[in-house]
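# Geometric and topological summary
So you can see what is in the structure, the chains are spelled out below.
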Amino acid sequence: MKFRKYQKEIIDKAFDVLVKYGFVYLSMQVRTGKTLTAMGTAEKLGVDTMLFVTKKKAISSIQNDYNKFKPDFDITIINYESLHKVEGKFECIVLDESHCMGAYPKPSKRTKLVKDMIQKQNPFVILMSGTPTPESFSQMYHQVYACAHNPFRAYKTFYKFAKVYVNVVLKKIGSMPHNDYTQGKQTILDAMKPYMISYTQKEAGFQAETVEKVLKVKMSNLTYNMVKQLKKNLVIEGKDEVVLADTGVKLMMKLHQLFSGTVKFESGRGQVIDFSKAEFIRTEFADMKVGIFYKFKAEYDALKSVYGDDLTTELDEFDTTDKSIALQIVSGREGISLKKADCLVYYNIDFSALSYWQSRDRMTTKDTVKNDVYWIFSEGGIEDKIYKAVTKKKDYTLKHFEKDLLSL
């Protein structure tokens, strides 16, 4: 396997940064080859062992890259949720999709686990993300705080860091005031410049055009009747189950589910009430090998019921057979390639702008000319409203929903 010219240049730069500071942040856009660049950097360092921490769905893809590259070091690949099970000594740790450690003001459980491991082992650390701070510059602090020479090391907690690097705003939730730390300053990225290497798809010569089409599906009368009843009464009582929407957030979630043909009851059990979307996808894309993204678990049940054995959830099986693949949006939006797909099809849409921008790019390669992306929305549903928000790089929130409710 040969590196592209820009990958060789990044490897050289990353090597210098790692030797000087002990960590480097590869801010490389999706499909520009972050994984192989990280492995090439580790090989240049001369390490014998690497721990590669990633998302569960990406493990097989990373293993394939390692097998093709055949570096001189041994590798252990694991997902963040299983990090506590890892044993052994690692000279280099790669933290893939590292923005997932950016929670604030308090560090997440996975971030604490990463910090403990880094402090015990003192390895070289390679952080990687195509979207380092997708929602706020404040997300940078906990991504790098485990690294001994990070630029914010003088601030032992996020709160001390925020006094210098964040415009803290006092907001009220109900009657209770709280500090909003989302307005991180540009100085955060300025401080990270010596440690970050950025590279875009455009710089790499990518020319893929993403063409999006919205297709509308008329849902069953049962779906529209349940939506109407829930909006009016905020509750639907059945023989054994109850659908309750006694808060704005719950009403938003329940309508989002219903418009795609599923519902989650108060008992916690989910159910498919309308197969219209799944049947439409199966018919519309009958002769195609497609990557399907869904949001709610019951939506997969609908797809599986319609597709049967022609549908898989495993990337290896998708790559080596004619089967289509179904992935939950949040778990499938990062770290995997669906380049074998003829197109991407969205059974539903997520409230997150990050999910929109990352997941729709799963087919892109340097040789891709065009990506076809299809959004399957219900007639009269909520999906259109969400789509308008996320395409403008804004999450769909309760405030949006309250404005849109009268038109649903």
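Everything discussed here concerns the structure shown above.
## Brief notes about the nonpolar core
Residues Leu26, Ile126, Leu255 and Leu338 are the most contacted members of the largest nonpolar core, which totals 70 residues. Once residues lying within four places of it in the same chain are set aside, the contact partners of Leu255 are Val227, Leu230, Lys231, Ile382, Phe401, Leu405 and Leu408. With 36 residues, the next largest nonpolar core counts Tyr25, Ile93, Val114 and Ala146 among its residues.

## Details of helix H1 (residues 5-21)
Counted at 1.5 Å a residue, the expected span for H1 with its 17 residues is 24 Å, and the 25 Å between its end C-alpha atoms agrees. Among all positions of H1, only Tyr6, Gln7, Ile10, Ile11, Ala14, Val17 and Leu18 are buried. Angularly, the buried residues of H1 cover 135 degrees about the axis, an arc narrow enough to put them on a single face. Set apart from the buried face of H1 by more than 90 degrees, the exposed residues are Lys5, Lys13, Val19 and Lys20.

## Regarding the packing of aromatic side chains
All chains considered together, the criterion is met by 28 aromatic pairs. When the ring of Tyr66 is compared with that of Phe73, the centres are 6.1 Å apart and the planes differ by 45 degrees; the resulting orientation is tilted. Considered together, Tyr66 and Phe73 belong to a single accessibility category, that of buried residues. On the numbers, 5.8 Å between centres and 35 degrees between planes, the contact of Tyr294 with Tyr300 is tilted. This pair shows no difference in class: Tyr294 is buried, exactly as Tyr300 is. Through successive ring pairs, a cluster of aromatic residues spans Tyr104, Tyr141, Tyr145, Phe152, Tyr155, Phe158, Tyr159, Phe161, Tyr165 and Tyr181. Cation over ring: Lys44 sits above Phe15, and NZ or CZ is 5.0 Å from the ring centre. Residue placement shows Lys289 over the ring face of Phe318; its charged tip is 4.1 Å from the ring centre.

## As for the sheet that holds strand E9 (residues 209-217)
On the basis of which strands lie adjacent, the open sheet formed by 6 strands has the order E9-E18-E17-E14-E16-E15 and parallel pairing. Two strands lie at the open edges of the sheet, namely E9 and strand E15 (311-312), each paired on one side alone. In the sheet, E15 pairs with strand E16 (residues 324-328) via 2 bridges, with the strands oriented parallel. What sits directly across from Thr312, in E16, is Ile325. In this fold helix H10 (residues 276-284) packs onto E9, strand E14 (290-294), strand E17 (343-346) and strand E18 (370-378), with an angle of close to 130 degrees to the strand it touches most, E9.

## Observations concerning the side chain of Ser98
As for its placement among the helices and strands, Ser98 is situated in the loop between strand E4 (92-95) and helix H4 (109-121). Not counting residues up to four positions away in its chain, the partners in contact with Ser98 are Tyr25, Tyr80, Leu127, Met128, Ser129 and Gln143.

## A word on the packing of H1 against helix H2 (residues 34-45)
For any two helices packed against each other, one specifies the inter-axial angle together with the distance between the axes. The interhelical angle for the contact between H1 and H2, taken along N-to-C directions, is 55 degrees, at an axis separation of 9 Å. As summarised for this structure, H1 and H2 are arranged oblique, according to the angle between their axes. Crossing handedness for the pair H1 and H2: right-handed. Judged by residue contacts, Gln7, Ile10, Ile11, Asp12, Ala14, Phe15, Leu18 and Val19 of H1 engage Leu36, Thr37, Gly40, Thr41, Lys44 and Leu45 from H2.

## Focus: the pattern of salt bridges
Within this structure, the stated rule accounts for 12 salt bridges. Arg269 is paired through a salt bridge with Glu241; the nearest N and O atoms lie 3.1 Å apart. Taken as a pair, Arg269 in the loop between strand E12 (262-264) and strand E13 (270-272) and Glu241 in the loop between strand E10 (235-237) and strand E11 (242-244) lie far apart in primary sequence, 28 residues in all. Note that Lys277 is salt-bridged to Glu383, the shortest N-O span being 2.6 Å. A residue pair is termed long-range when its members are at least 10 positions apart, and Lys277 in helix H10 and Glu383 in helix H15 (residues 383-390) qualify at 106 residues.

Reading the values: rules and limits
Residues numbered from 1 in each chain as written. Predicted model: local features only at pLDDT ≥ 70, side-chain atom pairs only at ≥ 80, totals over all residues. Heavy atoms only, no water. Core = buried A, V, L, I, M, F, W, Y, C linked by side-chain atoms within 4.5 Å. Buried < 20%, exposed > 50% of the residue type's maximum accessible area, 1.4 Å probe, protein only. Contact = heavy atoms within 4.5 Å. Helix = DSSP H or I, 4+ residues; strand = E, 2+ residues; numbered from the N terminus. Expected span 1.5 Å × (residues − 1). Arc of directions from axis to C-beta. Phe/Tyr/Trp six-rings, centres within 6.5 Å; stacked < 30°, edge-to-face > 60°. Lys NZ or Arg CZ within 6 Å of the ring centre and 35° of its normal. Pairing = 2+ DSSP bridges. Axes fitted to C-alpha atoms, helices over the stretch in contact; angles between N-to-C directions. Parallel < 35°, antiparallel > 145°, perpendicular 65-115°, else oblique. Left-handed = near helix turned anticlockwise from the far one by under 90°. Salt bridge = Lys/Arg side-chain N within 4 Å of Asp/Glu carboxyl O.

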